[in-house]
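Given next are the chains, with one letter for each unit.
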Amino acid sequence: MKLITAIVQDKDTTKLSNAFVKANVRATRLSTSGGFLRSGNTTFMIAIEADRVQEVLDIIKDVSQKRKQFMVPPISLDAGGDHVGAYPIEVEVGGATVFTQEIESFYQF
Amino acid sequence: MKLITAIVQDKDTTKLSNAFVKANVRATRLSTSGGFLRSGNTTFMIAIEADRVQEVLDIIKDVSQKRKQFMVPPISLDAGGDHVGAYPIEVEVGGATVFTQEIESFYQF
Amino acid sequence: MKLITAIVQDKDTTKLSNAFVKANVRATRLSTSGGFLRSGNTTFMIAIEADRVQEVLDIIKDVSQKRKQFMVPPISLDAGGDHVGAYPIEVEVGGATVFTQEIESFYQF
Ligand code: NI
Ligand code: NI
Ligand code: NI
């Protein structure tokens, strides 16, 4: 068995949980924070058979890898009351830090 | 040294914490969630000497293994206002997922 | 890569987070509790290159090791309304439990 630990942004947590359930992957969720700019992240712990590690890595990558997204910045008004700066801008969201470790013994009581 | 990680139901958390204190086992508690039907669980991390691992596994199994329990379901009323369905039913509670890993170095500062 | 897990008192959390940022060490923070008298602690998880482990251990030790501190106990009044027991006393604060483990594979998506 292997332990997979995956730290993802809060915004990807629900979608990733659903993807794990659909793939019959049992993941334990920890609310975590920190790591430079990543305040508000979630850590998943997954104990799984060695031959399913790649499948889990693929799910994590698919759902939470870094990608560009267009976002409309908050609107501000100029002196005359006109909307300014309301053009969508491209931002980077998502991203996952993932590592695997050996499990020596595994029990279900 | 070994690291024991144990994920148990919230309902068993207090009893398990007390059992660890009584056995002089130092456990760190994390509030966790998820894993199929187990929303609301707690994860214990225990760093311990290799020759005490079995003792800790025994404590976890004793306190939190899956067992049957009789529960009275919520009362509902039929059209005439009589209580129905208030018979105790047998449900399964508890259960623990536990795994052990190698610790390379251990420090107390 | 290695995984460093460090459990410290809540009172040392902010200072330790800042020290990690300053040293460019990416640490994920978990709110944890328990372990005998240490209710209210924080666990840091740090995945890092093997040749930086000692640097991280030094930071943790510098910031959070056990030390003596003078503290003024809460004031109580004797029968005549005079302050008693307001002399500073020496107490032990801080302390860290730290362990390192092997990481098999590490990914950033
Ligand atoms: Ni969060
Ligand atoms: Ni919980
Ligand atoms: Ni805390």
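Nothing here was measured: the structure is a model prediction, and the numbers come from that model.

The rules behind the values
- Per chain, the residues get numbers from 1 upward, laid out in the order the sequence is written.
- As a convention, the first chain written is A and the first ligand written is 1, with the rest following in written order.
- In keeping with the predicted nature of the model, local features appear solely for residues at pLDDT of at least 70, side-chain atom pairs appear and are counted solely at 80 or more, and the whole-chain, interface and lining totals rest on all residues.
- As a rule here, side-chain values cover all heavy atoms of the structure and leave hydrogens and water aside.
- Here a cavity denotes grid points, spaced 1 Å and computed from the protein atoms alone, that fit a 1.4 Å probe unable to get out, and a pocket denotes an open set having protein on both sides within 12 Å along at least 5 of 7 lines; residues with an atom within 4 Å of a point are the lining.
- Grid points are joined across faces, edges and corners, and a volume is the space filled by probe spheres set on the points.
- Strands here mean DSSP runs of E at least two residues long; helices mean DSSP runs of H or I at least four residues long; both are numbered from the N terminus.
- Each residue is assigned to one of three groups, with Ala, Val, Leu, Ile, Met, Phe, Trp, Tyr, Cys and Pro labelled nonpolar, Asp, Glu, Lys and Arg labelled charged, and all others, Gly among them, labelled polar.
- The superposition of copies rests on a least-squares fit of C-alpha positions from residues with pLDDT of 70 or more in both.
- Only heavy atoms enter the contact rule, under which two residues are in contact if any of them lie within 4.5 Å.
- Each of two parts loses accessible area, computed with a 1.4 Å probe, when they are put together; buried area is these two losses added.
- The rule for a salt bridge is simple: a side-chain nitrogen of Lys or Arg has to be within 4 Å of a carboxyl oxygen of Asp or Glu.
- N or O atoms within 3.5 Å of each other form a polar contact, as long as, within protein, one can give a hydrogen and the other can take it, and as long as residues adjacent in sequence are counted only when both atoms are side-chain atoms.
- A pair of strands is labelled paired if DSSP reports no fewer than 2 bridges between them.
- Metal donors: N, O and S atoms at distances within 2.8 Å, or within 3.2 Å for Na, K and Ca, with water omitted from the atom set so that some sites may seem incomplete.
- When accessible area is computed with a 1.4 Å probe and restricted to protein chains, residues below 20% of their type maximum are described as buried, those above 50% as exposed, and intermediate ones as partly exposed.
- Think of the arc as the fan of directions from the helix axis to the C-beta atoms.

Re empty space enclosed by the protein
Tallying each qualifying case throughout the model produces one cavity of 30 Å³ or more. What the largest cavity holds in volume is close to 190 Å³. Forming the walls of the largest cavity are 19 residues, and the residues nearest its centre are A:Met45, B:Leu3, B:Met45, C:Leu3 and C:Met45. Residue assignment for the lining of the largest cavity shows that the elements contributing at least two residues are strand E1 (2–9), strand E3 (41–48) and strand E8 (96–102) of chain A, strand E1 (2–9) of chain B together with strand E1 (2–9), strand E3 (41–48) and strand E8 (96–102) of chain C. Split into classes, the residues belonging to the lining of the largest cavity amount to eleven nonpolar, eight polar and no charged.

Let's talk about the relation of the copies chain C and chain A
When chain C is fitted to chain A, the residual RMSD is 0.0 Å, and the transformation amounts to a turn of 120° plus an axial shift of 0.0 Å. Within this description, the copies of the chain are treated as partners about a three-fold rotation axis. Of the interface residues in chain C, just 15% have counterparts in chain A that sit at the interface too, so the contact is made through distinct surfaces.

Re the environment of B:Val8
Take B:Val8: it is sitting in strand E1. Along the chain, B:Val8 and B:Ala96 lie 88 residues apart, while their C-alpha atoms are 4.7 Å from each other.

Comments concerning the interface of chain C and chain A
Each partner contributes residues to the interface: chain C has 20 residues there, and chain A has 26 residues. Between chain C and chain A the total buried area reaches about 1,900 Å² when both faces are included, carbon and sulfur atoms providing 57% of it. The largest per-residue losses of area from chain C upon contact with chain A belong to C:Arg26, C:Glu104 and C:Phe109, which jointly make up 39% of the total buried on that side. On inspection of chain C and its partner chain A, the count reaches one salt bridge. The shortest N-O distance in the salt bridge between A:Lys2 and C:Glu104 comes to 2.9 Å. On inspection of chain C and its partner chain A, the count reaches seven residue pairs in polar contact (both at pLDDT 80 or more). Mapped by element, the contributors of at least two residues to the side of chain C that touches chain A are strand E2 (28–33), E3, E8 and strand E9 (105–108) of chain C. Broken down by element, the residue count for the side of chain C that touches chain A peaks at four residues, all from E9(C). Counted by class, the side of chain C that touches chain A contains eleven nonpolar, five polar and four charged residues. Pairing of strand E2 (residues 28–33) of chain A with E2(C), which is carried by two bridges, proceeds in the antiparallel orientation.

Concerning the coordination of the nickel ion (ligand 3)
In the first shell of the nickel ion (ligand 3), the protein supplies C:Asp10 (OD) and C:Asp10 (OD), at 2.7 Å from the metal. Following the sequence through the fold, C:Asp10 ends up in the loop between E1 and helix H1 (13–22).

Describing H1(C)
All names here are of chain C. Those residues of H1 that sit buried are Thr13, Leu16, Ser17 and Phe20. Buried residues along H1 cover an arc of 105° about the axis, so they all sit on one side. Exposed residues pointing more than 90 degrees away from the buried face of H1 are listed as Thr14, Lys15 and Lys22. Where H1 is buried, its residues meet E1, E2, E3 and helix H2 (53–64). Positive backbone phi, at 60°, marks Asn24, one or two positions downstream of H1.

Remarks on the relation of the copies chain B and chain C
With an RMSD of 0.0 Å, the operation that places chain B on chain C is a rotation of 120° combined with a shift of 0.0 Å along the axis. When you check the interface residues of chain B against chain C, a mere 15% turn up at the interface there too, and the two sides of the contact use different surfaces.

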